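# Chain and residue survey
What follows is each chain in one-letter form.
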Amino acid sequence: MKQYELDSRNEGIPLNKTAGRFYFEKFINNFSSNKDITKLLFNGTTDNKQSKEIFKRFVCIINLETNAYCNRHCHYCPLNIFERKNNINIDDKLFLKIINELESIQYSSTISLNLYNEPLSDTKIFERIKIIKTRLKNVFLRFNSNGDFLDIATLKKLESCGLDSINITLHTTKINTYNDTNSKEKIDKFYQKLKLDKPQYIITSNKNITSNIQFGTLNMIVNTTNWDLYGNDRGGGGE
Ligand code: SF4
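Residues numbered from 1 in each chain as written. Predicted model: local features only at pLDDT ≥ 70, side-chain atom pairs only at ≥ 80, totals over all residues. Heavy atoms only, no water.

### Describing the overall build of the protein
Looking only at helices and strands, one finds 9 helices and 9 strands in the protein. Classification of the 239 residues of the protein by burial places 44% in the buried group. Across the protein, the fraction of contacts at a sequence separation of at least 24, relative to all contacts at a separation of at least 6, is 61%. Carbon and sulfur atoms provide 54% of the accessible area of the protein, an area that totals close to 13,300 Å². (Helix = DSSP H or I, 4+ residues; strand = E, 2+ residues; numbered from the N terminus. Buried < 20%, exposed > 50% of the residue type's maximum accessible area, 1.4 Å probe, protein only. Contact = heavy atoms within 4.5 Å. Areas by Shrake-Rupley, 256 points an atom, 1.4 Å probe, with all protein chains shown as cover.)

Listed below in structure tokens is the structure:
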């Protein structure tokens, strides 16, 4: 369990900063003891101001796909069946409308720029990161990526634009099943490609390997997982 998740259980951490897996535990615990929550959620309001207040207090993460394309079709992902091969970008006006509305409530939780897309295939990704971090200064901005389009110049640019965290998942293919030796080599090669010193790996035998470096202000996690063993909760947006 990660520190962020452990901290999330702390009563002093508000709901909108709580990690997903503890969100509903905390929500239910607070629910019976906090009349304020009941009042806000169940007063049948159609009032715009109150709706914004509810959004601000209870939403801990927004998944914002800025394009609808992924170059892979992993066998455990819905994109294996429903391919997204047309690189359709979000309309600029719609993107700005979303940012304007989030700015109007001073949204300050997490935005993740992925769900079923590969964010680094968005040709405007740097511009969008800059806009988000300029307008929503306290937002924690992150995304998951398969790492295929990442090189050192791209990493530098992501950091300078203000991205806070990138989670690289090195996927296994159907015919190339998971094992610790191959997976470790795959992570080694990834760091070599970026000409970065490899950090210490955390290896959970036959389950996953994870590693983490701080690149300036950008945190980069690089991992591989044995999805054949775990299955994959792609409905939860994880990679
Ligand atoms: S798991 Fe990620 S990399 Fe693989 S097809 Fe789905 S979105 Fe693309």
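Now that the structure has been shown, we can carry on.
### Section: unusual backbone geometry
Here K195, not a glycine, exhibits a phi torsion of approximately 55°, which is positive. Its location among the elements puts K195 in the loop between helix 8 (180-193) and strand 7 (202-204). For K195, a relative accessible area of 73% gives the class exposed.

### With respect to the sheet that holds strand 5 (residues 140-145)
The mixed open sheet is built from 7 strands, whose spatial order is 1-4-5-6-9-8-7. With one partner strand each, in any of the chains shown, strand 1 (61-63) and strand 7 form the two edges of the open sheet. Shown here is a sheet whose adjacent strand axes are inclined to one another by a mean of 15°, direction ignored. Bridge count between strand 5 and strand 6 (residues 165-169): 4 bridges; the pairing is parallel. If you follow N144 over to strand 6, its bridge partner there is N167. (Pairing = 2+ DSSP bridges. Axes fitted to C-alpha atoms, helices over the stretch in contact; angles between N-to-C directions.)

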